[in-house]
Structure formats: structure tokens, C-alpha cells
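Each chain, letter by letter, is given below.
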Amino acid sequence: MPAPARAAEEQTPAYDVAAWQARPEVQGLQSIGFRFDPPDLKADRGIGAAYPTAVIAHKPYPRRDLPEDPTLERDLEALLGVYDAAVRSLAPAPAAVAFPPPPPQEQLLLSRVELSGFRSFEDFDSGELGSLNLLIGPNGAGKSNFLDFLRFVHFAATHPDLPP
């Protein structure tokens with residue numbers, strides 16, 4: 001068994017316990033269709049082996065009948081609200097040690113991304129990007145390829161000494 005799959009399998013009991021401990025905090029999600037049983041991913045065991053037991057709540061949407069944007073936005077807002085509350089309740093007390101702030105760095109902020117001929121993207125235009133952007137799509141839609149492109153751009157922008 002590959003090392004990542006073995007590590008995930010060894011962590012499964014810990015993930016399962018953490019998920020069950022968190023479920024009472026998210027019961028309100030059940031009223032809008034979220035479920036608390038482990039999802040069946042219909043996938044081979046491997047690096048994602050622990051994923052089904054680590055899921056706290058999930059909401060399956062029919063593959064060819066996705067809900068309209070307002071429903072997806074409501075579901076996402078409910079999930080983010082529960083996540084925010086959980087993170088705040090689990091956050092450790094602030095450390096007493098004060099670290100100096102990091103030196104200021106120039107930040108690259110993208111306002112739009114246009115891709116043509118990069119991996120699975122023939123022609124893509126993100127439209128205007130905001131300060132927080134979510135990347136949502138089915139398996140094989142190109143989410144990882146998009147992130148690989150952003151990593152490539154970041155690397156190129158932070159290594160100006162590379163030849164063109």
C-alpha cells in the first residue's frame with residue numbers, strides 16, 4: 001500500500017471520532033437536507049480512504065439536476081456559518097508570545113484570469129475576481145488544473161531570474 005494511503009488508513013479512527021464529536025454542533029444543517037452518514041464515494045481506496053468517515057455533514061445533489069444558485073449559496077452560507085462557529089469554539093487561547101510582524105511584501109492580486117490552451121482549458125475567462133473566490137465543480141471539471149495554473153503563475157512571479 002502506498003505511504004499516503006497507509007497514513008490515511010491509520011488516521012481513519014481519529015477522523016471518525018472527530019467527525020462524530022462535531023456532528024451535534026451541526027444538527028441545524030439537517031433541516032436544509034444535509035446528511036450525517038458517511039458518503040459513498042464509489043472510489044477505490046487510496047489517499048482518500050479516510051475521507052468518508054471524516055465527513056461531518058454532506059448534501060448530495062442529483063448529478064444532472066443541480067439546484068439553482070440561490071439554493072447553493074444558502075447551503076454554502078449555512079456550512080460556512082457552522083464552520084466558523086466550530087473554529088471559534090475550538091480555537092486555543094491566544095499565545096502570550098508576541099512575534100515581530102513579517103517584513104512587508106508586495107502582493108500580487110488577480111482581478112481576472114483568462115486561460116487558453118492550458119491543460120483542460122481551451123478557452124476560459126474567470127470574469128471579475130473578488131477578495132474571496134470559491135472553486136466548485138464536479139470531478140474532472142478542471143479545479144486542480146486551475147490551481148496548478150495559479151501555482152505556475154505564482155512561481156513565475158516570485159522567480160524573476162528565470163529565463164523567459
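Look a little higher up for the structure.
Cut-offs applied
- Residues numbered from 1 in each chain as written.
- Predicted model: local features only at pLDDT ≥ 70, side-chain atom pairs only at ≥ 80, totals over all residues.
- Heavy atoms only, no water.
- Helix = DSSP H or I, 4+ residues; strand = E, 2+ residues; numbered from the N terminus.
- Buried < 20%, exposed > 50% of the residue type's maximum accessible area, 1.4 Å probe, protein only.
- Contact = heavy atoms within 4.5 Å.
- Areas by Shrake-Rupley, 256 points an atom, 1.4 Å probe, with all protein chains shown as cover.
- Expected span 1.5 Å × (residues − 1).
- Arc of directions from axis to C-beta.

Help me understand the overall build of the protein in this model?
On a plain count of helices and strands, the protein comes out with four helices and two strands. Each helix (α) and strand (β) of the protein, taken in turn from the N terminus, gives the series α-α-α-β-β-α. Within the protein, the fraction of its 164 residues that count as buried is 17%. Within the protein, contacts between residues separated by at least 24 positions form 50% of all contacts whose residues are at least 6 apart in sequence. Accessible surface computed for the protein: about 13,400 Å², of which carbon and sulfur atoms make up 59%.

Is there a simple way to explain helix H4 (residues 143–158) in this structure?
Side chains three or four residues apart in an α-helix point the same way, a direct result of the helix having 3.6 residues per turn. The terminal C-alpha atoms of H4 lie 23 Å apart, and with 16 residues this matches the ideal 22 Å at 1.5 Å per residue to within 8%. For H4, the set of buried residues is Asn145, Phe146 and Phe149. Projection of H4 onto a plane perpendicular to its axis shows the buried side chains occupying an angular sector of 105°, all on one side. Exposed residues pointing more than 90 degrees away from the buried face of H4 are listed as Ser144, Arg151 and His154. Those residues of H4 that are buried lie in contact with strand S1 (114–115) and strand S2 (124–125).

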